[in-house]
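Letter by letter, the chains look like this.
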Amino acid sequence: MSGSALYETFARAPLAFERGEGSWLIAENGERYLDFAGGIAVNSLGHSHPHLVAALTEQAAKLWHVSNLYEIPGQSRLGERLVENTFADKVFFTNSGAEALEAAIKTARRYHYVKGHPERFRIITFEGAFHGRTLATIAAGGQQKYLEGFGPKVEGFDQVAFDDVDAAEKLISDETAAILLEPVQGEGGIRPFPTASLKRIRQLCDKHGILLIFDEVQCGIGRTGKLFAYEWTGVEPDIMAIAKGIGGGFPMGACLATAEAASGMTPGVHGTTFGGNPLAMAVGNAVLDIVLEDGFLDEVNRKALLMKQGLAAIADEYPDVIEGIRGTGFMLGLKCTMPNVRVNAALRDRKFLAVPAGDNVIRLLPPLTATDEDIREALDRIGAGAKNLSEMAADAG
Ligand SMILES: *Cc1c(COP(=O)(O)O)cnc(C)c1O
């Protein structure tokens, strides 16, 4: 038996944190780490943001949980605010990203079902996708390493190469219900879909009566410098899953849809015990209070540019370590020349936290509230790590 009582599903770093302050995490031994991993795009407003702490503790003193059998005013309010600020007319709250995707998939299938087309249930996805770890979302993601050993893959998901719109078009049949994609792939290695491809995909969906589902679990809530990444492209989905950043660290997610796309989701067909409970809704509303403040996203874009320029200079100086920079806003990727896990370990040695991703990329997902000084500090540490790795590579010949 191994030493831990926990499932061995995570390869954890031997590091435990006790507190967080803004962009910083403080370890049990008092050491301070600059956190540009952000719980993988979850801590959208950094750690211990006073407005979020106040919202949660105020709600905690009043009411934690009531069932969705009753009205939940905080839920109605957050739903209305999401509707006001997006393409959507309807919202269903969940506890996680995968559940938001499950709701999205079910919404799309039910839409066709109530239109008299139960045979339209297949969904087209793209290689490199990540949509969660439930049985349906691993089928949607299509990654063999997540599917292996869990029995037959959930039926109804077909995958094409990343950004291969021609292949997607060829796959469309009388059974196609939806096309599902992340406007910017996160786990896949910070890979944005070209706007021209999204426009073509939208046209294909309209032509064939197919629903377009965006997964903005990672790239939503200000991460790319707009409230949602799709706003950069002018292409709107019919259904969208969100999670991560909307809770700022409190577990929550949501599925958003147009009234038409949600028309199959009638009383009793879907549900959740915890989704949309008063604690989660208090925090979600508090996150929006800040992100929707006048000028907040302008600041994110200004700081992100600073960061991207600094990173580009580091990549120019150490091409043997970093091949290039990708992404927009505070969703940035270092495409590595040497193995990304090695670069990540070197950064952690400098007390700087980032997250490895697919395609040999390191993800940088700083809090949207990171200061200019935090960014300078991050660039110093990344630059020092790259210099050291470059020298070691040169020594090794
Ligand atoms: C993290 C993530 C999910 C899954 O979210 P969970 O909360 O872990 O279930 C789904 N889609 C994307 C794009 C993600 O980044």
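Residues numbered from 1 in each chain as written. Predicted model: local features only at pLDDT ≥ 70, side-chain atom pairs only at ≥ 80, totals over all residues. Heavy atoms only, no water.

(A) Here's a closer look at the sheet that holds strand E1 (residues 17-21). With mixed pairing, the 4 strands of this open sheet are ordered in space as E1-E2-E3-E15. Edge positions in the sheet fall to E1 and strand E15 (352-353), since each of these pairs with one other strand and no more. Inspection of the sheet shows strand E3 (residues 32-35) paired to E15 by 2 bridges, in the parallel sense. Of the residues in E15, the one forming a bridge with Leu 34 is Phe 352. (Pairing = 2+ DSSP bridges. Helix = DSSP H or I, 4+ residues; strand = E, 2+ residues; numbered from the N terminus.)

(B) Molecular detail of the nonpolar core. Counting 77 residues, the largest nonpolar core has Ile 179, Leu 181, Ile 201, Ile 242, Val 291, Phe 352 and Leu 364 as its most contacted members. If you count residues domain by domain, this core takes at least three from each of domain 1 (17-49 + 295-396) and domain 2 (63-291). If sequence neighbours within four positions are ignored, Ile 242 has contacts with Leu 82, Ala 100, Glu 216, Val 217, Ile 221, Phe 228, Gly 253, Ala 254 and Leu 256. Counting residues in each nonpolar core, the second largest holds 24 residues, with Ala 104, Tyr 111, Ala 177 and Ala 178 among its members. (Core = buried A, V, L, I, M, F, W, Y, C linked by side-chain atoms within 4.5 Å. Buried < 20%, exposed > 50% of the residue type's maximum accessible area, 1.4 Å probe, protein only. Domains from an automatic or database assignment. Contact = heavy atoms within 4.5 Å.)

(C) Highlighting empty space enclosed by the protein. Applying the stated rule across the entire model yields 1 cavity of 30 Å³ or more. Size it by volume and the largest cavity reaches roughly 30 Å³. Residue lining of the largest cavity: Ala 129, Phe 130, His 131, Gly 132, Thr 137, Ile 138, Gly 141, Gly 142, Gln 143 and Tyr 146, and that is the complete set. Per-element tally for the lining of the largest cavity: the top contributor is helix H5 (residues 135-141), with 3 residues. Taken together, the residues of the lining of the largest cavity break down into 4 nonpolar, 6 polar and no charged. (1 Å grid on protein atoms, 1.4 Å probe; cavity = no way out; pocket = protein on both sides within 12 Å on 5 of 7 lines; lining within 4 Å. Points joined across faces, edges and corners; volume = space filled by probe spheres on them. Nonpolar A, V, L, I, M, F, W, Y, C, P; charged D, E, K, R; others polar.)

(D) The site of the ligand, seen in detail. All residues adjacent to the ligand are Ser 96, Gly 97, Ala 98, Phe 130, His 131, Gly 132, Glu 182, Asp 215, Val 217, Gln 218 and Lys 244. The contact in question runs from an oxygen atom of the ligand to an N or O atom on the backbone of Ala 98, over 2.7 Å. Note that an oxygen atom of the ligand is positioned 2.6 Å from one of the side-chain N or O atoms of Lys 244. If the ligand stood free it would expose 380 Å²; the protein chains cover 82% of that surface. Residues belonging to the shell around the ligand are distributed by class as follows: 3 nonpolar, 5 polar and 3 charged. (Near = heavy atom within 4 Å. Polar contact = N/O pair within 3.5 Å; in protein donor to acceptor, adjacent residues only side chain to side chain. Areas by Shrake-Rupley, 256 points an atom, 1.4 Å probe, with all protein chains shown as cover.)

(E) Here's a closer look at the sheet that holds strand E4 (residues 90-94). The strand order across the open sheet formed by 7 strands is E4-E12-E11-E10-E7-E5-E6, and the pairing between neighbours is mixed. Both edges of this open sheet fall to E4 and strand E6 (157-160), since each of them pairs with a single strand only. Shown here is a sheet whose adjacent strand axes are inclined to one another by a mean of 20°, direction ignored. In terms of strand pairing, strand E5 (residues 122-126) meets strand E7 (residues 176-181) through 3 bridges, oriented parallel. Its bridge partner being in E7, Ile 123 is matched across the sheet by Ala 178. (Axes fitted to C-alpha atoms, helices over the stretch in contact; angles between N-to-C directions.)

(F) Molecular detail of the UniProt feature "binding site: N(2)-acetyl-L-ornithine" (unreviewed entry) in the chain. As annotated in UniProt, the feature "binding site: N(2)-acetyl-L-ornithine" (unreviewed entry) corresponds to Arg 133 and Thr 272 in the numbering used here. Residues that both appear in the annotated list above and line the second largest pocket are Thr 272. Assignment of secondary structure puts Arg 133 in the loop between E5 and H5. You can call Arg 133 exposed: its relative accessible area is 55%. Excluding residues that lie within four positions of it along the chain, Arg 133 makes contacts with Ala 98, Ile 138 and Tyr 146. (UniProt positions renumbered as here; feature names shortened; annotations may be inferred.)

(G) Spatial organisation of the packing of aromatic side chains. A complete count under the given rule lists 8 aromatic pairs for this structure. Put simply, the rings of Phe 87, Phe 214, Phe 228 and Tyr 230 pair up and form one aromatic cluster. The ring of Tyr 146 carries the charged tip of Arg 133 above its face, separated from the ring centre by 3.9 Å. The lysine or arginine in question, Arg 191, covers the ring of Phe 162, its NZ or CZ lying 4.2 Å from the ring centre. (Phe/Tyr/Trp six-rings, centres within 6.5 Å; stacked < 30°, edge-to-face > 60°. Lys NZ or Arg CZ within 6 Å of the ring centre and 35° of its normal.)

(H) Highlighting the UniProt feature "binding site: pyridoxal 5'-phosphate" (unreviewed entry) in the chain. In the UniProt entry, the feature "binding site: pyridoxal 5'-phosphate" (unreviewed entry) is given for Gly 97, Ala 98, Phe 130, Asp 215, Glu 216, Val 217, Gln 218 and Thr 273. Spatial dispersion of the annotated residues is evident: they stretch over 177 residues in sequence, and the largest pairwise C-alpha distance comes to 25.1 Å. Cross-referencing the annotated residues with the lining of the largest cavity gives Phe 130. In this structure, Phe 130 sits in the loop between E5 and H5. Leave out the neighbours within four places in its chain, and Phe 130 touches Tyr 146, Glu 182, Glu 187 and Asp 215. Here Val 217 lies in the loop between strand E10 (211-215) and strand E11 (239-242). Exposure remark for Val 217: the relative accessible area of 9% places this residue in the buried category.

(I) Broad picture of the pattern of salt bridges. Counting across every chain of the model gives 18 salt bridges. The salt bridge involving Glu 21 is made with Arg 32; its shortest N-O contact spans 3.4 Å. Residue Glu 21 is located in strand E1, and its partner Arg 32 is located in strand E3; the two are separated by 11 residues in the primary sequence. For Arg 32, a relative accessible area of 38% corresponds to the partly exposed category. Within this structure, Arg 19, Glu 21 and Arg 32 form a network of salt bridges that share partners. (Salt bridge = Lys/Arg side-chain N within 4 Å of Asp/Glu carboxyl O.)

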